Amino acid sequence: MPQRFLPHLAKPMVPLGKDGSSEMLLDFLVCMLREMPPGLVEKIYLVHVVSDDALKKALGRDLRLEALLEESGLLRDLYEKYLEKEARPFLAQAEERLRRDLPEVAVERVILRGHPPRELVLWANREGIKAEIIARRARSHLAELVLGSCTHALLHRPGEHSTYVVGRLFAEKAHCRDPRFLVCLDGSPYARKALEEAAGLGLLWEPREIVLFYVVEILSVLEKKIRSEEAEAVLAEAEQFLRDLGLKTRILTKRVSGDPAEEIVREAEAGGYDLVFMGRRGRGYLKEVLVGSVSERVIHRVVSPTVVVVNRT
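Residues numbered from 1 in each chain as written. Predicted model: local features only at pLDDT ≥ 70, side-chain atom pairs only at ≥ 80, totals over all residues. Heavy atoms only, no water.

### Some thoughts on the sheet that holds strand β9 (residues 275–279)
Ordered in space as β3-β2-β1-β4-β5-β10-β9-β6-β7-β8, the 10 strands form an open sheet in which the pairing is mixed. The outermost strands of the open sheet, each flanked by one partner alone, are β3 (106–113) and β8 (250–257). On average, adjacent strands in this sheet sit at an angle of 20° to one another, irrespective of strand direction. Pairing of strand β6 (residues 180–185) with strand β7 (residues 209–216), which is carried by 6 bridges, proceeds in the parallel orientation. Bridging from a neighbouring strand, Arg180 pairs with Glu209 of β7. Running at roughly 160° to β8, helix α11 (residues 228–245) makes contact with β6, β7 and β8 of the sheet. Its contacts with the sheet put helix α12 (residues 260–270) on β6, β7, β8 and β9, and the angle it makes with β7 is roughly 155°. (Pairing = 2+ DSSP bridges. Helix = DSSP H or I, 4+ residues; strand = E, 2+ residues; numbered from the N terminus. Axes fitted to C-alpha atoms, helices over the stretch in contact; angles between N-to-C directions. Contact = heavy atoms within 4.5 Å.)

Here is the structure:
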């Protein structure tokens, strides 16, 4: 196994909230890691961020006055009460599940306090986290820009890392099988990194099939900037790369024309895939706000498969 594929699974971070998605995230993690060789994963971090909204909901009271009087210790006492009653038992239960199903993997519980997107990014950057396993939230792109979301914040954090946005397939208890991969290619170095992530995971998880997918943009066809031959060359090179690594699984290639995000969403939902791999261009937050990105659009519309967005330098 080439070393450059391993860091993304060495220290996965799993943000857990009390929104009903935790079991799905743990199911996905167990499915992915249970057949992998010992020592690949150094430690799994189960991270829970306590926000003022969570305290208010759990304790049934308005905390604005307590926030003004924080120096008096009132808010601190309420926080400790929440930790004892809610947060610690919640994380302990999740840890128990992982220790039962993944006994050889170390697990650490982490409790942070503050605005969840900000705190998760700060902690992940500080600890050198290379992979985050997170639940998809049914929130529009505009709402994320205004209100913020953990997925959006983690996706945009700097550095080399992969964001696994777990789809609803893993909310089904019976769903744990040899996966089917969709790898989205466009000839860019960003897509190449997604291919490498899929290859590394494929050598460990042994998918039953990998589909290499290339969308030729209509505008590019009209402007004659991209020809069908170029797409076929990218797909052929990617297939050979997987074969050279020793992947024995069935590999298919597929080329379509259209809008990349639209075609990826259509293929991902209709094709029965478990994981969809994409590279992120890292064009910058402001530009993505103004013009959007393929990865952002796909994340907001793909529901069933898990979307893996790879940020690699």
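### Quick word on the side chain of Arg97
Examined against the element boundaries, Arg97 turns out to sit in helix α5 (residues 74–101). The class of Arg97 is buried, set by a relative accessible area of 12%. Polar side-chain contacts of Arg97 include one of 3.0 Å to the side chain of Asp27. Apart from residues lying up to four places away in sequence, Arg97 is in contact with Glu23, Leu26, Asp27 and Val30. (Buried < 20%, exposed > 50% of the residue type's maximum accessible area, 1.4 Å probe, protein only. Polar contact = N/O pair within 3.5 Å; in protein donor to acceptor, adjacent residues only side chain to side chain.)

### Brief notes about the environment of Asp274
Structurally, Asp274 is set in the loop between α12 and β9. A C-alpha to C-alpha distance of 8.2 Å links Asp274 and Gly167, two positions 107 residues apart in sequence. Those residues in contact with Asp274 that sit more than four places away from it in its chain are Leu169, Phe170, His175, Arg177, Asp178, Pro179, Arg180, Arg208, Pro305 and Thr306.

### Notes on the side chain of His161
Residue position: His161 is located in strand β5 (residues 161–166). By relative accessible area, which is 0% here, His161 ends up buried. Reaching out from His161, the side chain makes a polar contact with the side chain of Glu132 at a distance of 2.7 Å. Reaching out from His161, the side chain makes a polar contact with the backbone oxygen of Arg157 at a distance of 3.0 Å. The residues touching His161, leaving out its near neighbours within four places in the chain, are His8, Ile129, Lys130, Glu132, Leu154, Leu155, Val309, Val310 and Asn311.

### Overview of the packing of aromatic side chains
Under the definition given, this model contains 5 aromatic pairs. An angle of 85° between the planes, with centres 4.9 Å apart, marks the rings of Phe28 and Phe170 as edge-to-face. Of this pair, Phe28 sits in helix α2 (residues 22–33) while Phe170 sits in the loop between β5 and β6, placing them 142 residues apart in sequence. Take Phe28 and Phe170: they sit in the same class, and that class is buried. Counting every residue linked through ring pairs, the aromatic cluster contains Phe28, Tyr164, Phe170 and Trp205. Note that Arg192 overlies the ring of Phe241, its terminal NZ or CZ placed 4.2 Å from the centroid. (Phe/Tyr/Trp six-rings, centres within 6.5 Å; stacked < 30°, edge-to-face > 60°. Lys NZ or Arg CZ within 6 Å of the ring centre and 35° of its normal.)

Coordinates in, geometry out; function isn't part of it.
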